[in-house]
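Spelled out, the chains give:
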Amino acid sequence: MILIVDDAPENLISLKKVLEKNDFEVDTASSGEEALKKILKKSYVLIILDVQMPGMDGFEVAEAISGYSKAKETAIIFLSAASANLNLITKGYSSGGLDYISKPVDINILLLKVKTFYRIYEQSRALNEMQIALREEIEFRKEAERKKDEFISIASHELKTPMTSIKGYIQLLERSLDKDDIETVRTRLHKVQNQVEKLNLLIADLLDISKIESGKLKFNKKYFDFDDLASNIVENLQQANPQVKIIKKNKIDAQIFADDMRIEQVIINFMTNAIKYAPDSEEIHISSELKGNDVCFSVKDFGIGMSLEHQQKIFDKFYRIEETSERFQGLGIGLYICQEIVERHNGIIGVNSIPGEGSEFYFTIPINPEKEEIKNENNEF
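Looking at an unreviewed UniProt entry, one finds the protein named histidine kinase and attributed to Chryseobacterium manosquense. The annotation that UniProt attaches to the protein under Catalytic activity (unreviewed entry) is "ATP + protein L-histidine = ADP + protein N-phospho-L-histidine."

What follows is the structure, given as structure tokens:
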């Protein structure tokens, strides 16, 4: 928008008409005081400012504008009926003006100058936007690099831990074999097996991350009974974690078209996290239900919970809650992989949580994503 400041109404009207005819948005002020009030409220690309006005003259207005952080970069063209002598021109530039036109105004010259300033303004704005975008990109890359370095450090530690345990147990096994202590051998072999399983899960997550990054995470979809899958997982995890009572609510009779191994991966992640982050809780609740053409599954624990800020970031890649990172091990990629799996099934994933009261992780996927896509396509015609 252009602001024209002149104490002569006829000048305001004529300049306003000419500029609006050339598709410029125009505002006017009949005094320096009125101009300053408007500049405080609005942003202007260009100010066409009469020099000789009663009260505040144009130079005083320009000097005042230069003190406003909001408007100090605004271009100013001075207008004056006086002869353009050197002293006047010098004063105009020193007051903050960028150009000078003598009255009577040559409309063609004025339009040329206005268009030039607008072009400079647009170029400057585009450059500023590019600089802002570049700074944001630099900060994003710095943060991504920081997270990557942190992840590599965590991954190295997490992989080293089971490897160290396996090495220690094997050394103990050798001693037990020498003593022909079969029962101790059996116990330590079981512990080795547990550490190997941990190592296997860590490597599987790392491979999944690599496949997601390269766009090579594949899905083998087929029809299977969702409730049978969930029940088998509950049974296996209950046996492995007898200290926690896993309560399965509801039973759904539905064949869904999905990758059963990937859906199993999500359910196991939800349930193991519930057990992991609620070590003092006596039970967790598993719920499955049909809502229209969707299967809705949730796991609720009664553990430490999390704040809204953490809920908004918990599915981000490499995200780990700092307050719990030392107490609970993990790579910070499990839920990110779950999100990728659910979204690739045209589903929704989320969490509801209250600090100190527990968390409920859930996902919803269509029974048959392909049928839903066909249905939506048909509805578009």
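There's more to say after this.
Caption draft 1: Molecular detail of the pattern of salt bridges. A full pass over the atoms with the stated rule returns 11 salt bridges. We note a salt bridge from Lys42 to Asp27, for which the minimum N-O separation is 3.3 Å. On the criterion of sequence distance, the pair formed by Lys42 in the loop between α2 (32–41) and β3 (46–50) and Asp27 in strand β2 (residues 26–29) is long-range, its members being 15 residues apart. For Lys42, a relative accessible area of 38% puts it in the partly exposed group.

Caption draft 2: Broad picture of the nonpolar core. Within the largest apolar cluster, 45 residues are counted, with the highest numbers of intra-cluster contacts made by Phe226, Ile263, Ile267, Phe270, Met271, Phe297 and Phe363. With seven residues, the single largest contributor to this core is helix α8 (residues 260–276). Aside from chain neighbours lying at most four places away, what touches Phe363 is Phe226, Ile263, Val266, Ile267, Phe270, Val295, Cys296, Phe297, Val342, Ile348 and Ile349.

Caption draft 3: Focus on the pairing of strand β11 (residues 348–354). Judged from the seven bridges that link them, β11 and strand β12 (residues 358–366) form a sheet pairing that is antiparallel. When the sheet's bridge partners are listed, Ile348 is paired in β12 with Thr364.

Caption draft 4: Representation of the sheet that holds strand β4 (residues 75–80) in the model. If you walk across this open sheet you meet the five strands as β2-β1-β3-β4-β5, and the pairing is parallel. Each edge of the sheet is formed by a strand with only one pairing partner; in this case those strands are β2 and β5 (99–102). Put simply, the sheet's adjacent strands are angled 20° from each other on average, direction ignored.

Caption draft 5: Representation of the packing of α2 against helix α3 (residues 58–66). Running from amino to carboxyl end, α2 crosses α3 at an angle of 20°, the nearest separation of the two axes being 10 Å. Between α2 and α3, the angle falls in the class roughly parallel. Here the hand of the crossing between α2 and α3 comes out right-handed. Two secondary-structure elements touch here, α2 through Gly32, Leu36 and Ile39 and α3 through Val61, Ala64 and Ile65.

Thresholds applied
- Residues numbered from 1 in each chain as written.
- Predicted model: local features only at pLDDT ≥ 70, side-chain atom pairs only at ≥ 80, totals over all residues.
- Heavy atoms only, no water.
- UniProt positions renumbered as here; feature names shortened; annotations may be inferred.
- Salt bridge = Lys/Arg side-chain N within 4 Å of Asp/Glu carboxyl O.
- Helix = DSSP H or I, 4+ residues; strand = E, 2+ residues; numbered from the N terminus.
- Buried < 20%, exposed > 50% of the residue type's maximum accessible area, 1.4 Å probe, protein only.
- Core = buried A, V, L, I, M, F, W, Y, C linked by side-chain atoms within 4.5 Å.
- Contact = heavy atoms within 4.5 Å.
- Pairing = 2+ DSSP bridges.
- Axes fitted to C-alpha atoms, helices over the stretch in contact; angles between N-to-C directions.
- Parallel < 35°, antiparallel > 145°, perpendicular 65-115°, else oblique.
- Left-handed = near helix turned anticlockwise from the far one by under 90°.

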